[in-house]
Structure formats: C-alpha cells, structure tokens
Amino acid sequence: MRLVLLGPPGAGKGTQARMLEIKLQAPQIASGDLLRAAVRKRTALGLHAKAFMDKGALVPDELVLGMIEERLSQPDAQSGFILDGFPRTVAQAEVLGSMLARRKERLDKVVAIMVPDEEIVKRISGRRTCRVCGAMYHVIYDPPRNMNMCNKCNGELYQREDDAEDTVRARVQVYASSTSPLLDYYGQSGLLAKIHGIGRAEEIERRILSALGID
Ligand code: AMP
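About the cut-offs
- Residues numbered from 1 in each chain as written.
- Predicted model: local features only at pLDDT ≥ 70, side-chain atom pairs only at ≥ 80, totals over all residues.
- Heavy atoms only, no water.
- Buried < 20%, exposed > 50% of the residue type's maximum accessible area, 1.4 Å probe, protein only.
- Helix = DSSP H or I, 4+ residues; strand = E, 2+ residues; numbered from the N terminus.
- Contact = heavy atoms within 4.5 Å.
- Near = heavy atom within 4 Å.
- Polar contact = N/O pair within 3.5 Å; in protein donor to acceptor, adjacent residues only side chain to side chain.
- Areas by Shrake-Rupley, 256 points an atom, 1.4 Å probe, with all protein chains shown as cover.
- Axes fitted to C-alpha atoms, helices over the stretch in contact; angles between N-to-C directions.
- Parallel < 35°, antiparallel > 145°, perpendicular 65-115°, else oblique.
- Nonpolar A, V, L, I, M, F, W, Y, C, P; charged D, E, K, R; others polar.
- Phe/Tyr/Trp six-rings, centres within 6.5 Å; stacked < 30°, edge-to-face > 60°.
- Lys NZ or Arg CZ within 6 Å of the ring centre and 35° of its normal.

(A) Quick peek at helix H2 (residues 31-41). What H2 keeps buried is the set Ser31, Leu35, Arg36, Ala37 and Ala38. Its buried side turned inward, H2 meets strand S2 (28-30), helix H3 (44-55), helix H4 (61-72), strand S3 (81-84) and strand S7 (157-158). Following H2 by one or two positions, Arg42 adopts a phi angle in the positive range, close to 55°.

Written as structure tokens, this is what we have:
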C-alpha cells in the first residue's frame, strides 16, 4: 500500500502512521522526523533546515526532495510506504508523482485527517515526545504514567521546539496556504478520502482503515 497521510500539524498523522505500519506492513516515512534526525546529527542539510523549522516555515524543496527520494529508494519502501508530512505543497506532490512514475508505481490512496484550527493549538501545545522511541503523549488527553518519562521505554519526554504556541500558529498558517491546496489536487485525481480527526486514536485508525477498504 502506497499511502499519503495529509492533515494539519497536530492532526495525529504521526500517531496514525505508526499504528498503521503494523497493519499495512509498510514503513512510516515522516519528512519531519527525517529532518529532525538531520538536525540532531548536525549534518549540512540539518543545519540549513533548522532555521526554517524553528520559524514554522517550510524547508526548501532542494533539501527535502532529495532526502525523500533517497528514503523511498531503500529496500523497506519498495512494496509500500506511509508518507507523513510529505508532500506539503502541490509542487512536492507533482515531484512525488514523477518519482513514482519513474519506478512504474503510483499512490494507492491519500487520507486527509481533518481537524479544526482551534483544536490544533490546544493539542500541540500539550504534546510531548519520547527522545528515545518517538512515542507521543499529551499532558491532558493522553498523559504518561510519570510526567517526563515514556511509558514504553522510560526515555525522556520533551516538547518539540516548534510546538511552542507562536510557532504552531505559523505552522497552521503555512498549512492553510501551502498544504491545503493538496486536498483539491488529490480530490481531482480521485485518490482522496477525508476522515474526521477528532476522537480516540483507535477510532481514527478504524476510520482510516475503512477508507482504505480494510476492516
Ligand atoms: P512535521 O514533523 O511534519 O510537523 O514537520 C516539522 C517541520 O519540518 C515543518 O514545520 C517544516 O519546517 C519541516 N518539514 C517537514 N516536512 C516538510 C516538507 N515536506 N516540506 C518542507 N518542510 C517540511
């Protein structure tokens, strides 16, 4: 299954992608995670990307496209993938289409997780991520057993720098102006399913699976 998950920041794309990896037997490919790993490793790409990420702006295509193409060419992505955070613009979607066409592949589905703007800031500002395994929590909606410690691996929980309120507002605006046009783009190609993004993670997973025709 070659799947794209669309949705504003904080819609739950990362949580859902990780849950779906097992059912779909396909790896999550999250552009934001790849960029954060490059920032941590202080690669040239990471150092360049960081300034954009800290502002909540999109990282330029010349940094993102090569990184995604390389990831898609790895063995575990040959029979399917779950793209999370990419594409973020119509231009990126067009490049993705050409990358896949060169490999005689195409997307099977695009699922958009729809969440209203006012919900997003509330969700993201309480979000905490495990530094070790990447598990995500919310201080109110899904608190860890011990504050600052991951239930799964005891790793340290942290708040992403770009999850601070001002940056979240910038990211929401970027989504509205640059990413939401993808809803029309994929709507026209007949690949899009929109699902309601409010509810427990398991309910949302069920909605996605039913949009994919898997029950
Ligand atoms: P995310 O983890 O998907 O919320 O992404 C975090 C940040 O990484 C975004 O705010 C952007 O600065 C950058 N980013 C992630 N994916 C992309 C992309 N496809 N194109 C441009 N910038 C991206």
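(B) Fine view of the site of the ligand. Surveying the vicinity of the ligand reveals 16 residues, the closest of which are Ser31, Arg36, Ala57, Val59 and Gln92. At a separation of 3.0 Å, a nitrogen atom of the ligand approaches a polar backbone atom of Val59. At 3.2 Å from an oxygen atom of the ligand is found a side-chain nitrogen or oxygen belonging to Arg171. For the ligand, the accessible surface in isolation is 480 Å², of which the surrounding protein chains cover 95%.

(C) Molecular detail of the packing of H2 against H4. The interhelical angle for the contact between H2 and H4, taken along N-to-C directions, is 105°, at an axis separation of 11 Å. On the basis of the axis angle, H2 is roughly perpendicular to H4. Across from Ser31, Leu34 and Leu35 in H2, the residues of H4 making contact are Met67, Ile68 and Arg71. Partitioned by chemical class, the residues of the contact of H2 with H4 number 4 nonpolar, 1 polar and 1 charged.

(D) Main features of the packing of aromatic side chains. Tallying each qualifying case throughout the model produces 1 aromatic pair. In this structure, Arg131 is placed above the aromatic ring of Tyr158, and the distance from its NZ or CZ to the ring centre is 4.3 Å.

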